[in-house]
Amino acid sequence: MAKVVSFSNQKGGVGKTTSCVNISAQIANKGKKVLMIDMDPQGNATSGLGLQKSKIKNTTYDVIIGRCDISDAIIKTRFKNLSVVPANIELAGAEIELQELDETLNFTKLALDSIKNDYDYIFIDCPPSLGMLTVKALSVSDGVVIPMQCEFYSLEGMSQLLNTVKKIKNLYNPGLQVVGILLTMYNGRLTLTGQVVAELKKYYADKLFKVPISRTVRISEAPGYGEPICYHDPYGKGSLEYAAVAKELMLRI
């Protein structure tokens, strides 16, 4: 049965979607069957895999509101062992609709249960907020990966996110765990980077992934080509770093 992992951080621009796409592709490349669910109305994970959002029939939104089964929304990508449930801007309306649903009816959980045996891993790209979409994703996840930049604003938001994870664990999902904190856009030459890393090690040393993701041009340009970094620049620094993180993630959960 698939392990379900959400990528979440309420702060935007921290490499959350980039990390979800690239780790999904790396693990799929290792021979595991992977499904990525795009839960972000921006749909960047969808376009990052080369899909044109305007041509997609069924999306995460259709699954959440019960318009279709999740199996009808799954698209096999051109990348080895990697499928996706895409998203577009329609999903933004789901925040309001989810609040109106009876909390005893967890449509997302019912949907995932029907396809869990078809995959080794299911990765969910959450929106940059702590709204209902993120709550729903975390409530059906075995674990959460928290990508974050090495800056103090990201550090300040960490405690808020961890409190949200704790509440969801107590209310909805007692099995939820923090798989790890992933440092992104890393530049070891900056004094600020060293200061933030020192603070993180003081409080979350056991949660930090061993390899941070460096800020590279190749990682930034890969989505423009609609492909993960392991296909865009397979032997580059970014690809090797994401491969190391993917390997560690598989050992952690």
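Higher on the page you've got the structure.
The text that follows walks through the structure, step by step, so that each part is easy to find. (Residues numbered from 1 in each chain as written. Predicted model: local features only at pLDDT ≥ 70, side-chain atom pairs only at ≥ 80, totals over all residues. Heavy atoms only, no water.)

### Digging into the overall build of the protein
Argument step 1. Summing up its helical and strand segments, the protein has 11 helices and 7 strands in all.
Argument step 2. Taking 253 residues into account, the globule formula puts the C-alpha radius of gyration at 18 Å, and the protein, at 17 Å, falls close to it.
Argument step 3. In the protein, which comprises 253 residues, the share counted as buried stands at 55%.
Argument step 4. Of the contacts made within the protein by residues no fewer than 6 positions apart, 80% connect residues no fewer than 24 positions apart.
Argument step 5. If you sum the accessible surface of the protein, you get close to 11,700 Å²; carbon and sulfur atoms cover 51% of it. (Helix = DSSP H or I, 4+ residues; strand = E, 2+ residues; numbered from the N terminus. Rg over C-alpha atoms; globule rule 2.2 N^0.38 Å. Buried < 20%, exposed > 50% of the residue type's maximum accessible area, 1.4 Å probe, protein only. Contact = heavy atoms within 4.5 Å. Areas by Shrake-Rupley, 256 points an atom, 1.4 Å probe, with all protein chains shown as cover.)

### Thoughts on the sheet that holds strand β4 (residues 82-85)
Two strands in a sheet stick together by hydrogen bonds in their backbones, pointing the same way (parallel) or opposite ways (antiparallel).
Argument step 1. Strands sit in the order β3-β4-β2-β5-β1-β6-β7 across an open sheet of 7 strands; the sheet is mixed. Strand pairing shows two members of the sheet lacking a second neighbour, β3 (75-76) and β7 (177-184), which therefore form its edges.
Argument step 2. Here 5 bridges tie strand β1 (residues 3-7) to strand β5 (residues 121-125), and the two strands are oriented parallel to one another. In the sheet register, Ser-6 faces β5, and the bridge partner there is Ile-124. (Pairing = 2+ DSSP bridges.)

### Notes on the packing of aromatic side chains
Argument step 1. Tallying each qualifying case throughout the model produces 4 aromatic pairs.
Argument step 2. Taken together, a centroid distance of 5.9 Å and an interplanar angle of 75° make the contact between Phe-7 and Phe-123 edge-to-face. In this pair, Phe-7 is assigned in strand β1 and Phe-123 in strand β5, connecting sequence segments 116 residues apart. Taken as a pair, Phe-7 and Phe-123 share a single burial class, namely buried.
Argument step 3. Relative to Tyr-204, the ring of Tyr-203 lies with its centre 6.4 Å away and its plane at 55°, an arrangement referred to as tilted.
Argument step 4. Residue classification places Tyr-203 among the exposed positions, given a relative accessible area of 56%.
Argument step 5. One aromatic cluster is present, formed by Phe-7, Tyr-121 and Phe-123 through successive ring pairs.
Argument step 6. Across the ring face of Tyr-119, the terminal group of Lys-33 is positioned such that the distance to the ring centre comes to 5.6 Å. (Phe/Tyr/Trp six-rings, centres within 6.5 Å; stacked < 30°, edge-to-face > 60°. Lys NZ or Arg CZ within 6 Å of the ring centre and 35° of its normal.)

### Structural notes on the packing of helix α7 (residues 152-171) against helix α8 (residues 191-204)
Pairs of packed helices are described in terms of their axes, by the angle between the two and the distance that separates them.
Argument step 1. It is the contact of α7 with α8, at a shortest axis distance of 10 Å, that shows an interaxial angle of 20°. Relative to α8, α7 is oriented roughly parallel. As for how α7 packs across α8, the hand of that crossing is right-handed. Residue-level contacts link Phe-152, Leu-155, Met-158 and Leu-162 of α7 to Leu-192, Gln-195, Val-196, Glu-199, Leu-200 and Tyr-204 of α8.
Argument step 2. A breakdown of the residues in the contact of α7 with α8 according to their chemical character gives 8 nonpolar, 1 polar and 1 charged. (Axes fitted to C-alpha atoms, helices over the stretch in contact; angles between N-to-C directions. Parallel < 35°, antiparallel > 145°, perpendicular 65-115°, else oblique. Left-handed = near helix turned anticlockwise from the far one by under 90°. Nonpolar A, V, L, I, M, F, W, Y, C, P; charged D, E, K, R; others polar.)

### Points about the pairing of strand β6 (residues 143-149)
Argument step 1. When you tally the buried positions in β6, you get 7 out of 7 residues, the bulk of the element.
Argument step 2. Covered by surrounding structure in β6 are Gly-143, Val-145, Pro-147 and Gln-149 together with Val-144, Ile-146 and Met-148, the residues of both alternating faces.
Argument step 3. Two elements, β6 and β7, share 7 bridges in a ladder whose sense is parallel. Paired with Val-145 across the bridge in β7 is Gly-180.
Argument step 4. Crossover connection from β6 via α7 to parallel β7: handedness right-handed. (Right-handed = clockwise from strand over helix to strand, strands pointing away.)

### Re the nonpolar core
Argument step 1. Formed by 33 residues in total, the largest nonpolar core has its most connected members in Phe-7, Ile-23, Ile-27, Phe-123, Val-145, Leu-182 and Leu-249.
Argument step 2. Looking at this core, the elements with two or more residues in it are β1, α1 (16-29), β2 (34-38), β4, β5, β7, α10 (229-232) and α11 (237-252).
Argument step 3. With 6 residues, the single largest contributor to this core is α1.
Argument step 4. With residues up to four places along the chain from it excluded, the contact list for Ile-23 reads Phe-7, Leu-182, Tyr-242, Val-245, Ala-246 and Leu-249.
Argument step 5. Listed in part, the 27 residues of the second largest apolar core include Val-4, Ala-73, Ala-87 and Ile-122. (Core = buried A, V, L, I, M, F, W, Y, C linked by side-chain atoms within 4.5 Å.)

### Side note on α1
Three- or four-residue spacings in an α-helix give side chains the same orientation, since the helix completes a turn every 3.6 residues.
Argument step 1. With 14 residues, α1 should cover 20 Å at 1.5 Å per step; its first-to-last C-alpha distance of 20 Å lies within 8% of that length.
Argument step 2. Most of α1 is tucked away, with 12 of its 14 residues classed as buried.
Argument step 3. Buried residues of α1: Lys-16, Thr-17, Ser-19, Cys-20, Val-21, Asn-22, Ile-23, Ser-24, Ala-25, Gln-26, Ile-27 and Ala-28, and no others. (Expected span 1.5 Å × (residues − 1).)

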